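Listed here are the chains, written in short residue letters.
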Amino acid sequence: MRKVSSTEVHMETGPIGKTLLAFTLPVLLCQLLQMLYNITDCLVVGRFVGDTGLASVGIAGLILSVIVNFFIGFSSGISVIISQQFGAYRYDKVRSAIGTVVALGLITGLVLTTAGLLSAEQLLKWLNCPADVLPAAVQFMTIAVLGLTPQLIYNIGNAVLRALGNTRTALYLLTASTILNLVLDVFFVAGLGWGMAGAATATVISQLLLGGLIIHKLGTLHPDYRLTLQRLRLNFADLNDIVAMSIPAGMQALFMSISSLIIQISINAFGASAAAGMTIFAKLEGFLYYPSFAYGIALTGFVGQNYGAGRWERIHEAKRLSMWVAVLVTVPLSLIFTAFAEPLLSGFTEDAATLHNAVTAILWVLPLYVLYSVNQVYLGLLKGLGNTTFPMICTLVCYAVFRVLWCESLFPVWWDMRVVYSSYSVSFVLMFFMLSVRYRQVFHEKCAGIPVLKELKAQ
């Protein structure tokens with residue numbers, strides 16, 4: 001590794017395993033903190049507002065996640081462009097991309113915030129939100145949407161920093177924001193008795209802090225590519241490249257969210273306990289989901305820089321190491337969570353029906369969760385190589401199409417929540433086969449004609 005400044009790092013040299021670990025660990029901790037961020041709301045609301053409040057956080061959160069996940073995916077495409085240009089030492093391209101994507105984030109965030117304020121109740125009704133949950137969900141969403149713009153800016157800024165080899169700053173900033181969210185959650189909900197409004201207000205204030213700090217950090221980067229007011233503008237000369245790379249990545253995340261929203265309609269038909277159970281399941285699943293997702297994100301930046309530098313042998317070795325990490329981390333945790341599902345989940349609720357639904361979800365989904373982790377490695381590799389279109393198609397087929405068709409086909413003959421749970425596991429298998437075949441094709445196409453890598457094509 002070679003440092004450009006105290007925070008930005010070139011990763012096309014140095015020990016691969018050590019470099020990947022140093023780059024991934026802060027991203028992993030960021031994802032775990034993000035999970036804690038969400039768990040805080042659920043714990044406080046679940047204990048002081050009740051299961052109706054818990055269900056409203058989960059349902060309203062799904063709608064907000066559609067927007068946020070699109071921009072997380074979109075910004076990952078930006079991370080690919082910046083990391084490749086950074087690895088090739090084209091700092092003028094890095095500078096232009098940073099200014100363009102931040103400006104785009106500000107404009108889009110304001111538009112989506114306005115749209116969310118105007119359509120919150122209608123969107124929740126479209127999700128078939130239970131009548132007893134709807135008022136609290138509308139209240140939570142109407143306030144929480146005000147934090148949308150700073151949240152988008154944070155995710156964009158985080159993607160930029162990752163592309164530059166800096167994964168620590170986002171961790172520090174998110175830590176401060178998470179602590180503030182926890183303190184404000186307890187103060188507003190438990191102390192002042194504000195209920196759902198208190199939880200949403202705490203989230204918005206914490207996100208405003210997060211967005212402001214990430215903008216400040218982008219303004220303190222290396223002089224060749226730091227963000228300034230003069231550089232904060234849409235550069236239409238670069239916009240085509242950004243859109244071509246980032247829209248498929250954003251659509252990939254969007255398809256995942258849309259499939260969850262569509263399936264949520266069926267889940268809500270089973271009542272508040274089913275919706276609350278899935279909300280709780282997601283919190284425990286997060287201990288597997290976020291590390292796997294984080295590793296894929298970190299791998300994208302590593303591969304992007306090495307692709308820009310032409311270091312194909314390092315990409316191949318990174319893939320081999322990453323597969324081992326995915327298996328050795330996910331399998332033991334899946335077994336532990338499955339064996340101790342009930343005591344681990346009982347801290348979220350005292351309702352027996354809610355707990356039963358959450359435990360059943362664990363038993364049906366986690367046994368094959370290792371394939372989700374392996375799939376994230378393939379997704380990170382493909383996007384780092386500049387291929388964001390196939391991950392989008394694969395996600396569309398496996399999540400937005402397959403899961404929905406699976407549920408719609410089986411519900412008429414088996415009206416049970418286990419239909420939903422099984423759709424997740426089977427989709428992991430389908431995606432694994434699609435991604436493994438496509439990655440092998442892309443890698444061989446990219447390194448074709450490079451003598452040093454001929455032996456890799458046979459592996």
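Residues numbered from 1 in each chain as written. Predicted model: local features only at pLDDT ≥ 70, side-chain atom pairs only at ≥ 80, totals over all residues. Heavy atoms only, no water.

J.: What am I meant to see in the overall build of the protein here?
T.: Helix and strand content of the protein: 16 helices and two strands. The C-alpha radius of gyration computed for the protein amounts to 22 Å, which stays within 12% of the reference 23 Å derived for 459 residues, consistent with globular compactness. Dimensions of the protein, computed from C-alpha atoms along their principal axes, come out at roughly 65 × 50 × 35 Å. Classification of the 459 residues of the protein by burial places 58% in the buried group. (Helix = DSSP H or I, 4+ residues; strand = E, 2+ residues; numbered from the N terminus. Rg over C-alpha atoms; globule rule 2.2 N^0.38 Å. Buried < 20%, exposed > 50% of the residue type's maximum accessible area, 1.4 Å probe, protein only.)

J.: For this particular structure, what's the right way to read the pattern of salt bridges?
T.: Where charged atoms of side chains with opposite charge meet at close range, the side chains can pair. According to the stated counting rule, one finds four salt bridges in the structure shown. With a shortest N-O distance of 3.3 Å, E121 and K125 are connected by a salt bridge. Highlighted residues: E121 and K125, both in helix 3 (residues 91-126), separated by four residues, approximately one helical turn. A relative accessible area of 46% places K125 in the partly exposed class. Close ionic contact of R418 with D416 constitutes a salt bridge, the shortest N to O distance being 2.9 Å. Residue class for D416 comes out buried when judged on its relative accessible area of 18%. (Salt bridge = Lys/Arg side-chain N within 4 Å of Asp/Glu carboxyl O.)

J.: What am I meant to see in the packing of helix 9 (residues 272-309) against helix 15 (residues 417-446) here?
T.: Axis angle and axis distance: for two packed helices, these are the angle between their axes and the distance between the axes, and together they describe the pair. Two elements in contact, helix 9 and helix 15, have axes whose closest approach is 14 Å; the angle formed by their N-to-C orientations is 5°. If you check the angle between helix 9 and helix 15, you find them roughly parallel. Touching A274, M278 and Y307 of helix 9 are M417, Y421, Y424 and K446, all from helix 15. Residue composition of the contact of helix 9 with helix 15, grouped by class: six nonpolar, no polar and one charged. (Axes fitted to C-alpha atoms, helices over the stretch in contact; angles between N-to-C directions. Parallel < 35°, antiparallel > 145°, perpendicular 65-115°, else oblique. Contact = heavy atoms within 4.5 Å. Nonpolar A, V, L, I, M, F, W, Y, C, P; charged D, E, K, R; others polar.)

J.: Hey, could you run me through the nonpolar core in this one?
T.: Nonpolar side chains in soluble globular proteins generally cluster together in the buried interior. Of all hydrophobic cores here, the largest spans 70 residues; its most connected members are I82, L124, F140 and L164. At the level of secondary structure, the elements contributing two or more residues to this core comprise helix 1 (16-48), helix 2 (51-87), helix 3, helix 4 (134-144), helix 5 (148-163), helix 6 (168-191), helix 7 (196-218) and helix 8 (236-269). It is helix 2 that provides the largest number of residues to this core, a total of 18 residues. (Core = buried A, V, L, I, M, F, W, Y, C linked by side-chain atoms within 4.5 Å.)

J.: Any chance you could explain the confidence of the model for the protein here in plain terms?
T.: It should be kept in mind that the predicted coordinates are not to be read in detail where pLDDT is low. Considering every residue of the protein, the mean pLDDT works out to 82; 92% of them sit at 70 or more. The least confident element of the protein, judged by mean pLDDT, is helix 16 (residues 454-457) at 51; the most confident is helix 13 (residues 369-384) at 94. (pLDDT = per-residue confidence, 0-100.)

J.: Please clarify how a nonpolar patch on the surface should be interpreted in this entry.
T.: On the surface, I393, L396, V397, V401, L405 and L430 cluster together into a nonpolar patch covering about 420 Å² of accessible area. With five residues, the single largest contributor to the nonpolar patch is helix 14 (residues 389-410). Among the secondary structure elements, L405 is positioned in helix 14. (Patch = residues over 30% accessible without salt bridge, like charges linked within 9 Å, V, L, I, M, F, W, Y side chains within 5 Å. Areas by Shrake-Rupley, 256 points an atom, 1.4 Å probe, with all protein chains shown as cover.)

J.: When you look at helix 14 in this model, what are you seeing that I'm missing?
T.: Because each turn of an α-helix spans 3.6 residues, side chains separated by three or four positions in sequence point in the same direction. For helix 14, with 22 residues, the first-to-last C-alpha span of 30 Å sits near the 32 Å given by 1.5 Å per residue. At F402, helix 14 is bent by approximately 35°, the largest bend along its length. Looking at helix 14, one finds that the buried residues are F390, P391, M392, C394, T395, C398, Y399, A400, F402, R403, V404 and C407. Turning to helix 14, the residues buried within the fold contact helix 8, helix 13 and helix 15. (Expected span 1.5 Å × (residues − 1). Bend = angle between axes of the 7 residues up to and from the residue.)

J.: Got a minute to help me understand the side chain of Q151 in this structure?
T.: With respect to the secondary-structure elements, Q151 resides in helix 5. One polar contact links Q151 to Q207, side chain to side chain, over a distance of 3.0 Å. Not counting residues up to four positions away in its chain, the partners in contact with Q151 are V68 and Q207. (Polar contact = N/O pair within 3.5 Å; in protein donor to acceptor, adjacent residues only side chain to side chain.)

J.: Even after reading the chapter, I still don't get the environment of A272, so can you show me in this structure?
T.: With respect to the element layout, A272 can be found in helix 9. In sequence terms A272 and V426 are 154 residues apart; their C-alpha atoms lie 26 Å from each other.

J.: Is there a simple way to think about the packing of aromatic side chains in this case?
T.: In this description, an aromatic ring pair is defined by two values, namely the gap between the centres and the angle between the planes. Under the defined criterion, the tally for this structure stands at 22 aromatic pairs. The interplanar angle of 15° and the centroid separation of 4.4 Å between the aromatic rings of F270 and W415 together place this pair among those described as stacked. Of the two residues, F270 is situated in the loop between helix 8 and helix 9 and W415 in the loop between helix 14 and helix 15; the sequence distance between them amounts to 145 residues. Under the relative-accessibility criterion, F270 is labelled partly exposed at 24%. Within the aromatic cluster, the residues linked to one another by ring pairs are Y307, W312, Y378, F432, F433, Y439 and F443. Taking the ring centre of Y399 as reference, the NZ or CZ of R403 above it sits at 3.9 Å. Over the aromatic face of F390 sits the side chain of R438, whose NZ or CZ is 5.8 Å from the ring centroid. (Phe/Tyr/Trp six-rings, centres within 6.5 Å; stacked < 30°, edge-to-face > 60°. Lys NZ or Arg CZ within 6 Å of the ring centre and 35° of its normal.)

J.: Could you clarify how one ought to interpret the state of the cysteines in this entry?
T.: In protein chemistry, a disulfide is the covalent bond that joins the sulfur atoms of two cysteines. By the definition in use, this model includes zero disulfides. Of all cysteine sulfurs in the structure, the one in C398 sits closest to C407, which takes part in no disulfide; the separation is 14 Å. (Disulfide = S-S within 2.5 Å.)

J.: What exactly am I supposed to notice about the packing of helix 9 against helix 13 here?
T.: Two numbers describe how helix 9 lies on helix 13: the axes approach to 7 Å, and their chain directions differ by 20°. One element, helix 9, and the other, helix 13, form an angle in the roughly parallel class. Where helix 9 crosses over helix 13, the handedness of that crossing is right-handed. For the pair formed by helix 9 and helix 13, the contact residues are E285, L288, Y289, S292, F293, Y295, G296, L299, T300, V303, G304 and Y307 on the first element and Y369, Y372, S373, Q376, V377, G380, L381, K383 and G384 on the second. (Left-handed = near helix turned anticlockwise from the far one by under 90°.)

J.: How should I be thinking about the side chain of R314 in this particular structure?
T.: Within the element layout of this structure, R314 appears in helix 10 (residues 312-339). We note that R314 is buried and unpaired, the nearest opposite charge coming from E313 at a distance of 5.8 Å. Excluding its chain neighbours within four sequence positions, the residues that come into contact with R314 are M11, E12, T13, G14, I16, T19, F302 and N306. (Lys, Arg positive; Asp, Glu negative; His and termini not counted.)

J.: Explain the environment of I59 to me, please; I cannot follow it from the model alone.
T.: By the element assignment, I59 lies in helix 2. In this structure I59 comes out as buried when scored by relative accessible area, which is 0%. When the C-alpha positions of I59 and P412 are compared, they lie 24 Å apart, and in sequence the two are 353 residues distant. Not counting residues up to four positions away in its chain, the partners in contact with I59 are L124, L127, C129, P130, V133, Q264, N268 and A275.

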